[in-house]
Amino acid sequence: YIETVISLKGSAFRVASIYVPNGGEIGSDKFQFKMAFYDRLYAHAQELLTYDEPVILAADYNVAPADVDVYDPDRLRGTTCFHPDEQAKFRRLEHLGYTEAFRACNPDIQQFTWWDYRAGGYQKNHGYRIDHLLLSPQAADCLKSCSVDEIPRGKEKASDHTPLIGVFDFK
């Protein structure tokens, strides 16, 4: 977790870059650590809302919130990154008042930000949308668009993630 405040002429906004641990196998110590990380993130995200400023929580949240966010929801349901406990932790953040930027701009599109290297996940489009921008109400008011740039993922020796791009108009 790294966070900064960026000053603009007459205003400022806060942005955080976050990696939520993968969690390993369901029920493992690593999974419990992930759940505890979400609890700490929730407490901090709640505090950030009291600052009354635009906040962007950009992260590999390691959770696909809904069926449309994975390539095969029936097969993957209950597995790491698509487990109801993880999804509930993510929804708690949204229920604080944060807006998930991609889904706000693209309510019905299935697009992924991560593909496993094993068994040709990218080539088969067996992906997950686990990278998200959560926006405070002030940041959501400035959101112009949010999209996935899949081009870098198709390159040789690419990351298993691809960029999620949010465009804002902070005045």
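What you see is a predicted model; the values in this text were computed from it and never measured.

> Is there a simple way to think about the overall build of the protein chain in this case?
In terms of helices and strands, the protein chain carries 5 helices and 9 strands. Compactness check: the protein chain gives a C-alpha radius of gyration of 16 Å against a globular reference of 16 Å for 171 residues, within 12% of the reference. The dimensions of the protein chain, computed from C-alpha atoms along their principal axes, are 50 × 35 × 30 Å. Looking at the protein chain residue by residue over its 171 residues, the buried ones come to 43%. The contacts of the protein chain with a sequence gap of at least 6 include a subset with a gap of at least 24, amounting to 66%. Of the roughly 8,900 Å² of accessible surface on the protein chain, 52% is carried by carbon and sulfur atoms.

> Teacher, can you tell me more about unusual backbone geometry here?
Excluding glycine, a negative phi dihedral is what most residues carry, and trans is how most peptide bonds are arranged. One non-glycine residue, Asn62, adopts positive backbone phi at about 50 degrees. By the element assignment, Asn62 lies in the loop between strand E3 (55–60) and helix H2 (73–76). Owing to a relative accessible area of 4%, Asn62 belongs among the buried residues under this scheme. Of note, Ala119 is a non-glycine position whose phi angle comes to about 60 degrees, a positive value. Counting through the fold element by element, Ala119 comes out in the loop between strand E5 (114–115) and strand E6 (127–128).

> Explanation requested: the nonpolar core in the structure shown.
As a rule of thumb, nonpolar side chains are buried together in soluble globular proteins. Core analysis: the biggest nonpolar cluster contains 21 residues, and Ile18, Tyr38, Leu57, Tyr61, Leu93 and Tyr98 have the highest contact counts within it. Those elements that provide at least two residues to this core are strand E2 (11–19), helix H1 (29–49), E3 and helix H3 (84–95). Here this core gets 8 residues from one element, more than from any other, and that element is H1. In this view, Tyr98 contacts Ala45, Leu48, Leu49, Val55, Leu57, Leu93, Leu134, Leu135 and Ser136; residues no more than four positions away in its chain are not counted. Core analysis: the second largest hydrophobic core is formed by 13 residues, Phe13, Ala101, Phe102 and Cys146 among them.

> Please clarify how the sheet that holds strand E4 (residues 99–100) should be interpreted in this entry.
By definition, the strands of a sheet pair up through backbone hydrogen bonds, in either a parallel or an antiparallel sense. The strand order across the open sheet formed by 5 strands is E1-E2-E3-E7-E4, and the pairing between neighbours is mixed. Of all strands in the sheet, those bounded by a partner on one side alone are strand E1 (2–8) and E4. With 6 bridges connecting them, E2 and E3 associate as parallel partners. When the bridges of E3 are listed, Val15 appears paired with Ile56. Contacts between H3 and the sheet are confined to E4 and strand E7 (131–135), with E7 contributing the most and set at about 25 degrees to the helix.

> Got a minute to help me understand H3 in this structure?
Residues spaced three or four apart along an α-helix face the same direction, because each turn holds 3.6 residues. For H3, built from 12 residues, the straight-helix expectation of 16 Å at 1.5 Å per residue is met to within 8% by its first-to-last C-alpha distance of 16 Å. Looking only at H3, the buried set comprises Glu86, Gln87, Lys89, Phe90 and Leu93. Axial view of H3: buried residues confined to an arc of 160 degrees, hence all on one face. Buried residues belonging to H3 abut H1, E4 and E7. Note on H3: the residue one or two positions beyond its end, Gly97, has a positive phi of about 125 degrees.

> Sorry, what's going on with the environment of Cys105 here?
Relative to the helices and strands, Cys105 resides in helix H4 (residues 101–105). Taking relative accessible area as the criterion, Cys105 reaches 29% and is therefore assigned partly exposed. Sequence-wise, Cys105 and Leu143 are 38 residues apart; in three dimensions their C-alpha atoms are separated by 8.8 Å. Sequence-distant contacts of Cys105, that is, excluding residues within four places in its chain, are made with Leu143, Ser145 and Cys146.

Procedures and definitions
- Residues numbered from 1 in each chain as written.
- Predicted model: local features only at pLDDT ≥ 70, side-chain atom pairs only at ≥ 80, totals over all residues.
- Heavy atoms only, no water.
- Helix = DSSP H or I, 4+ residues; strand = E, 2+ residues; numbered from the N terminus.
- Rg over C-alpha atoms; globule rule 2.2 N^0.38 Å.
- Buried < 20%, exposed > 50% of the residue type's maximum accessible area, 1.4 Å probe, protein only.
- Contact = heavy atoms within 4.5 Å.
- Areas by Shrake-Rupley, 256 points an atom, 1.4 Å probe, with all protein chains shown as cover.
- Core = buried A, V, L, I, M, F, W, Y, C linked by side-chain atoms within 4.5 Å.
- Pairing = 2+ DSSP bridges.
- Axes fitted to C-alpha atoms, helices over the stretch in contact; angles between N-to-C directions.
- Expected span 1.5 Å × (residues − 1).
- Arc of directions from axis to C-beta.

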